[in-house]
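# Commentary on secondary and tertiary structure
Listed below, chain by chain, are the residues.
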Amino acid sequence: MTSLLFDVNVILDVLLDRQPHVEAAAALWEMVERGRAKGYLPAHGVTTIHYLIRRERGPAFAAKAMTDLLRVFHVAPVNADVLKATVALRMKDFEDAVCAQSAAAVGCDVLVSRDPSGYRGSPVPIVSPGEAVARLRARPLR
C-alpha cells in the first residue's frame, strides 16, 4: 500500500475549507480514510494544526478535528534521530526538512505538498494533492 505524508497545509485546506485547494485535499483524505493509501502526519504538524484551527474555529472544532485526524492518519515521529538527520539534509526551510525526514523515517513513498519548491533536497519525492489523487486513482503511487 502506498504511504503518503501530508504537509500541514494540505490538512488545513480540508479543515478550513480553503478554496481552491480543498477539493483535491479532501479527495486525498477520503482515499486514505477508505484504505486506498496509508496517510501520515508529522508529529510536530499535529500540534501546529491544532493551534491554527483552534484559533480560527474554536476549541470544540479543534477537539473534533483532532479526533478525526488521529482516527484517519498515522503519526510519523519527530524525535532526536529525525532531527539530527534533518540538520544533515541542509534544506532551506527547517520545518519542511523535518516533514521530509519524518516521511523518510517511516518509509513514505511520497510527501504531499502544494509547495514542492520548499522541499528541494528532500529524501522523499514531492507530489501535489491533485497529482497524488490522479496517480492513486490510476494505480498506487511509487
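Everything below is about the structure printed above this text.
Moving on, we come to the overall build of the chain. Along the chain, the regular secondary structure elements total seven helices and five strands. Along the chain, helices (α) and strands (β) appear in the sequence β-α-α-β-α-α-β-α-α-β-β-α when read from the amino end. Taken over C-alpha atoms, the radius of gyration comes to 14 Å for the chain, in line with the 14 Å a tight globule of 142 residues would show. Counting only C-alpha atoms, the chain reaches 40 × 35 × 25 Å along its principal axes. Among the 142 residues that make up the chain, the fraction classed as buried is 45%. When contacts within the chain are restricted to residue pairs at least 6 apart in sequence, long-range pairs at least 24 apart make up 64% of them. Roughly 7300 Å² of accessible area belongs to the chain as shown, and the carbon and sulfur atoms make up 53% of that amount. With 18 positive and 15 negative side-chain charges, the chain shows a separation of 3 Å between the mean positions of the two kinds.

If you trace the backbone, Ser3 turns up in strand β1 (residues 3–6). In contact with Ser3, not counting residues within four places along its chain, are Lys38, Tyr40, Gly107, Cys108, Asp109 and Val110.

Turning to the environment of Ala37, a few remarks are in order. Mapped onto the secondary structure, Ala37 falls in the loop between α2 (22–33) and β2 (38–42). Relative accessible area serves as the criterion here: at 3%, Ala37 is assigned to the buried category. Between the C-alpha atoms of Ala37 and His74, which are 37 residues apart in sequence, the distance is 11 Å. In this structure, Ala37 is in contact with Met1, Thr2, Leu4, Met31, Val32 and Leu136, ignoring residues within four places of it in sequence.

The subject of this paragraph is α2. With 12 residues, α2 should cover 16 Å at 1.5 Å per step; its first-to-last C-alpha distance of 16 Å lies within 8% of that length. If you check which residues of α2 are buried, you get Val22, Ala25, Leu28, Trp29, Met31 and Val32. On its buried face, α2 sits against β1, α1 (8–15), β2, α4 (59–72), β4 (110–112) and α7 (129–138). Backbone geometry just after α2 places Gly35 at a positive phi near 85 degrees.

Basis of the calculations
- Residues numbered from 1 in each chain as written.
- Predicted model: local features only at pLDDT ≥ 70, side-chain atom pairs only at ≥ 80, totals over all residues.
- Heavy atoms only, no water.
- Helix = DSSP H or I, 4+ residues; strand = E, 2+ residues; numbered from the N terminus.
- Rg over C-alpha atoms; globule rule 2.2 N^0.38 Å.
- Buried < 20%, exposed > 50% of the residue type's maximum accessible area, 1.4 Å probe, protein only.
- Contact = heavy atoms within 4.5 Å.
- Areas by Shrake-Rupley, 256 points an atom, 1.4 Å probe, with all protein chains shown as cover.
- Lys, Arg positive; Asp, Glu negative; His and termini not counted.
- Charge placed at Lys NZ, Arg CZ, Asp CG, Glu CD.
- Expected span 1.5 Å × (residues − 1).

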